[in-house]
Amino acid sequence: MSDDTATARDAVLAAALRHVPFDGWSEATLRAAIAASGVDAALAHALFPRGGIDLAVAFHRQGDRRMLEALAAADLSGLRFRDKIAKAVRLRIEAIPDREPVRRGATLFALPQNSLTGTRLIWDTADAIWTALGDSARDLSWFTKRVTLAGVYGATTLYWLGDTSPGAEATWAFLDRRIEDVMRFEKAKAAVRDNPLVKAFSDGPGRIVRNWRPPMPDTRDDLPGRYRS
């Protein structure tokens, strides 16, 4: 995506956020955002071909980008690995400027026709966190680590939506408890890594698992047709 189209995408999304609390992630919100942003309508519809759902996808991916930028700027030296994971999840939630777009998104992605897109977005967030923290493994743990962290992120976000504690303190305490799920898996993985049966599986059928990716629709906000850079 070129700088110009990225700027147009961000302009439409920023304008849309003013309408989401009233109209949700909808075609009406997209129309209002196009009018308010001044972005060419043809370009805007190419950026968001599915209307409101693509606006919601772009909002989620914007949060991922902001989280990665904040994570890259953070000093993680001296932190335990569990604390690095917690920091990344917290930064991802803190990248959300307001709860209402997330509530509306949760409702949208709960619809059967949109559930795979929502699942893919949470999966990609978990994958981005593991990758940013240096996980390059392609063994049997690749899939399980991401599923586990996706569950932690999803549960913590839902908890945060209803949290009224000062500074979201209750959310961060909830997150800390959920991180134990991730660390229990890491300890179990370390215990069986050198097991001869596990090694034999990894060298044989396990190769198939290492090359597997979730069969979910591609929700990247790449541009179709003549707008693709």
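Residues numbered from 1 in each chain as written. Predicted model: local features only at pLDDT ≥ 70, side-chain atom pairs only at ≥ 80, totals over all residues. Heavy atoms only, no water.

Trainee: With reference to specific residues and values, describe the overall build of the protein chain.
Mentor: A count of helices and strands for the protein chain gives 12 helices and 0 strands. Going residue by residue from the N terminus, the α and β elements of the protein chain occur as α-α-α-α-α-α-α-α-α-α-α-α. Within the span of the protein chain, comprising 229 residues, buried residues form 44% of the whole. Summarising the internal contacts of the protein chain: among those between residues at least 6 apart in sequence, 73% fall at separations of at least 24. For the protein chain, the computed accessible surface area is about 11,800 Å², with 56% contributed by carbon and sulfur atoms. (Helix = DSSP H or I, 4+ residues; strand = E, 2+ residues; numbered from the N terminus. Buried < 20%, exposed > 50% of the residue type's maximum accessible area, 1.4 Å probe, protein only. Contact = heavy atoms within 4.5 Å. Areas by Shrake-Rupley, 256 points an atom, 1.4 Å probe, with all protein chains shown as cover.)

Trainee: How would you explain the environment of tyrosine 159 if you had to name every residue and give the values?
Mentor: Positionally, tyrosine 159 belongs in helix H9 (residues 141-161). Put simply, tyrosine 159 and alanine 170 are 11 residues apart on the chain and 8.7 Å apart in space, counted from C-alpha to C-alpha. Discounting chain neighbours no more than four positions away, the residues touching tyrosine 159 are Ala170, Thr171 and Phe174.

Trainee: How would you summarise the confidence of the model for the protein chain if you had to cite specific residues and measurements?
Mentor: Here the protein chain averages 85 in pLDDT, and 79% of its residues register 70 or above. In the predicted structure, residues 205-212 sits below a pLDDT of 50 and forms 11 contacts with residues beyond four places in sequence or in another chain. (pLDDT = per-residue confidence, 0-100.)

Trainee: Any chance you could break down unusual backbone geometry for me, citing the residues and the numbers?
Mentor: Glycine aside, residues mostly have negative phi, and peptide bonds are mostly found in the trans state. Despite not being glycine, alanine 168 shows a phi value in the positive range, around 55°. If you trace the backbone, alanine 168 turns up in the loop between H9 and helix H10 (169-192). Alanine 168 sits in the buried class, given a relative accessible area of 10%.

Trainee: Account for the environment of valine 152, with residues named and values stated.
Mentor: Along the polypeptide, valine 152 turns up in helix H9. Taking relative accessible area as the criterion, valine 152 reaches 3% and is therefore assigned buried. The residues contacting valine 152, other than those within four sequence positions of it, are Leu175, Arg178, Ile179 and Val182.

Trainee: Before we move on, can you summarise the nonpolar core with the specific residues and values?
Mentor: Val12, Trp25, Leu55, Ile85 and Leu149 are the most contacted members of the largest nonpolar core, which totals 52 residues. If sequence neighbours within four positions are ignored, tryptophan 25 has contacts with Leu13, Leu17, Val20, Gly52, Ile53, Leu55, Ala56, Phe59, Pro101, Arg104, Gly105 and Leu108. (Core = buried A, V, L, I, M, F, W, Y, C linked by side-chain atoms within 4.5 Å.)

Trainee: I'd like a rundown of the packing of helix H1 (residues 3-17) against helix H5 (residues 52-73), residues and numbers included.
Mentor: At a minimum axis distance of 10 Å, the contact between H1 and H5 shows a crossing angle of 105°. Classified by the angle their axes make, H1 and H5 are roughly perpendicular. Two secondary-structure elements touch here, H1 through Arg9, Asp10, Val12, Leu13, Ala16 and Leu17 and H5 through Leu55, Ala58, Phe59, Gln62 and Arg65. Considering only residue class, the contact of H1 with H5 consists of 7 nonpolar, 1 polar and 3 charged. (Axes fitted to C-alpha atoms, helices over the stretch in contact; angles between N-to-C directions. Parallel < 35°, antiparallel > 145°, perpendicular 65-115°, else oblique. Nonpolar A, V, L, I, M, F, W, Y, C, P; charged D, E, K, R; others polar.)

Trainee: How would you summarise H1 if you had to cite specific residues and measurements?
Mentor: A rise of 1.5 Å per residue sets the reference length of H1, with its 15 residues, at 21 Å; its end C-alpha atoms lie 21 Å apart and thus fit the reference within 8%. Residues of H1 that are buried include every one of Thr5, Ala6, Ala8, Arg9, Val12, Leu13, Ala15 and Ala16, and no others. Summarising the contacts, the buried residues of H1 are in contact with helix H2 (20-23), helix H3 (27-37), helix H4 (41-47) and H5. (Expected span 1.5 Å × (residues − 1).)

Trainee: Now, about the side chain of histidine 60: what can you tell me, with residues and values included?
Mentor: Along the chain, histidine 60 falls in helix H5. On the basis of relative accessible area, histidine 60 is assigned to the buried category, the value being 12%. The contact partners of histidine 60, leaving out residues within four places of it in the chain, are Arg92, Leu121, Ile122, Thr125 and Tyr153.

Trainee: Quick one: what's the story with the layout of surface pockets, residue by residue and with numbers?
Mentor: If you add up the space inside the largest pocket, you get close to 420 Å³. Forming the boundary of the largest pocket are 22 residues, of which His60, Gly105, Ala106, Phe109 and Ile122 lie nearest the centre. Those elements giving two or more residues to the lining of the largest pocket turn out to be H5, helix H7 (99-110), helix H8 (115-132) and H9. Sort the elements by how many residues they give to the lining of the largest pocket and H7 lands first, with 6 residues. (1 Å grid on protein atoms, 1.4 Å probe; cavity = no way out; pocket = protein on both sides within 12 Å on 5 of 7 lines; lining within 4 Å. Points joined across faces, edges and corners; volume = space filled by probe spheres on them.)

Trainee: Could you give an account of the packing of aromatic side chains, with specific residues and numbers?
Mentor: Inspection of the entire model under this criterion finds 5 aromatic pairs. Ring geometry for tryptophan 123 versus phenylalanine 143: centroids 5.4 Å apart, planes at 40°, classification tilted. Of the two residues, tryptophan 123 is situated in helix H8 and phenylalanine 143 in helix H9; the sequence distance between them amounts to 20 residues. Residues tyrosine 159 and phenylalanine 174 carry aromatic rings whose centres are separated by 4.4 Å and whose planes lie at 15° to one another, so their mutual orientation is stacked. (Phe/Tyr/Trp six-rings, centres within 6.5 Å; stacked < 30°, edge-to-face > 60°.)

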